[in-house]
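Topology and contacts: notes
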Amino acid sequence: MIAAYLKYLLRSGNQHSIHSPFLFDLYNQVINVKDQRADYAEIKKLRKELLSSREIIEILDLGAGSRVNKSNQRKIGTIAKNAEKPEKFGKLFYRLVQRFQPETVIELGTSLGLTTLYFSKANPAADIISFEGCPQTAAKAETHFTRLGAQNIEVVVGNIDQTLPARLAQLDQTLDFAYFDANHRYEPTMRYFEDCLPHIQENSVFIFDDIYWSKEMTQAWEQIKSHPKVTLTVDLFWIGLVFFRTGQAKEDFTLRF
């Protein structure tokens, strides 16, 4: 991971390396931005409480597992520290949702629901469908949604291998925004990507988490970048952004974040 990050630093650029007008605006107005909002403060307060929680729950891990904790008995505080995306990414996701105003958002991997809340608060009119394999984790997340008044979130509990295709088959609208943070292996990541592709539209946005977490995830990221339907990708090291804008030259950018 350290070697990959050093390579990323060497090849990454900023707004001066961007020759796509669409991405230039996105980088300067959404990605490379530091902002403060009341919604951020509300979620930050919840995060702080979760980080200090000593409550223990039973984890059902159907993905690649944790590098930090191999036990299925885990403290809420440990999950909040190791499984939840840091605050700056939540803020980025919030800004992306506000920018593109998706009507339907899918999240693979609810965890404790902090990232889900950024999606929800950014567009309360959107339908947020969040998939989680662990029943106890999903139950905790739902209490957080209720507490913060997020009423536009549907949590789908169960093995995503089965629940994702089943729920996608019920969609009566396009999939405008998707965040992939579930099974960090090559085959499931590619399968989830392929499952979602038939539902995209011109302005759909996909985000892939931990694209350098393992060789398998990096392999998946390379495969996704080369897919014929993908026209623009942005490597921010910790996450990868994918766009499907027709009429745009196929390009890949590595940018600092």
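So, here is what we can say about the structure in this document.

Rules behind the numbers
Residues numbered from 1 in each chain as written. Predicted model: local features only at pLDDT ≥ 70, side-chain atom pairs only at ≥ 80, totals over all residues. Heavy atoms only, no water. Helix = DSSP H or I, 4+ residues; strand = E, 2+ residues; numbered from the N terminus. Buried < 20%, exposed > 50% of the residue type's maximum accessible area, 1.4 Å probe, protein only. Contact = heavy atoms within 4.5 Å. Polar contact = N/O pair within 3.5 Å; in protein donor to acceptor, adjacent residues only side chain to side chain. Pairing = 2+ DSSP bridges. Salt bridge = Lys/Arg side-chain N within 4 Å of Asp/Glu carboxyl O. Expected span 1.5 Å × (residues − 1). Arc of directions from axis to C-beta.

1. Points about the side chain of S12
One can find S12 in the loop between α1 (2-11) and α2 (21-31). The exposure class assigned to S12 is buried, which follows from its relative accessible area of 6%. Those residues in contact with S12 that lie beyond four places of it in its chain are T254, L255 and R256.

2. Some words on the environment of H184
Within the element layout of this structure, H184 appears in the loop between β6 (177-180) and α9 (186-196). Of the polar contacts made by the side chain of H184, one reaches the backbone oxygen of A182; its length is 3.1 Å. Among the polar contacts made by the side chain of H184, one reaches the side chain of D210 at a distance of 3.0 Å.

3. Here's the deal with the pairing of strand β9 (residues 239-243)
A regular strand places its side chains on the two faces of the sheet in alternate fashion. Most of β9 sits out of view: five of its five residues are buried. Of the two faces of β9, both are covered, the one formed by I239, L241 and F243 as well as the one formed by G240 and V242. In this structure, strand β7 (residues 205-209) lies alongside β9, joined through five bridges in antiparallel fashion. Bridge pairing links V205 to F243 in β9. Looking at chain direction, strand β8 (residues 232-235) and β9 are connected through four bridges and run antiparallel. Bridge pairing links V234 to L241 in β9. Two successive antiparallel strands, β8 and β9, enclose a turn made up of three residues, where F237 displays a positive phi of approximately 70 degrees.

4. Some words on the environment of V97
Following the sequence through the fold, V97 ends up in helix α5 (residues 87-100). Given a relative accessible area of 0%, V97 falls into the buried group. Through-space distance from the C-alpha of V97 to that of A126 is 9.4 Å; in sequence the pair is 29 residues apart. Setting aside chain neighbours within four positions, we find V97 in contact with P102, F119, A122, N123 and F177.

5. Section: the pattern of salt bridges
Two side chains that carry opposite charge are able to pair once their charged atoms sit near each other. A complete count under the given rule lists 14 salt bridges for this structure. Sharing partners across several salt bridges, the network here consists of D35, R37 and R95.

6. Concerning helix α7 (residues 135-147)
The terminal C-alpha atoms of α7, which comprises 13 residues, lie 19 Å apart, in line with the 18 Å expected from a rise of 1.5 Å per residue. Buried within α7 we find T137, A138, A141, H144 and F145. For α7, the angular spread of the buried residues around the axis is 115 degrees, confining them to a single face. Contacts from the buried residues of α7 go to α3 (38-51), β1 (56-58), α6 (114-122), β4 (127-132) and β5 (153-157).

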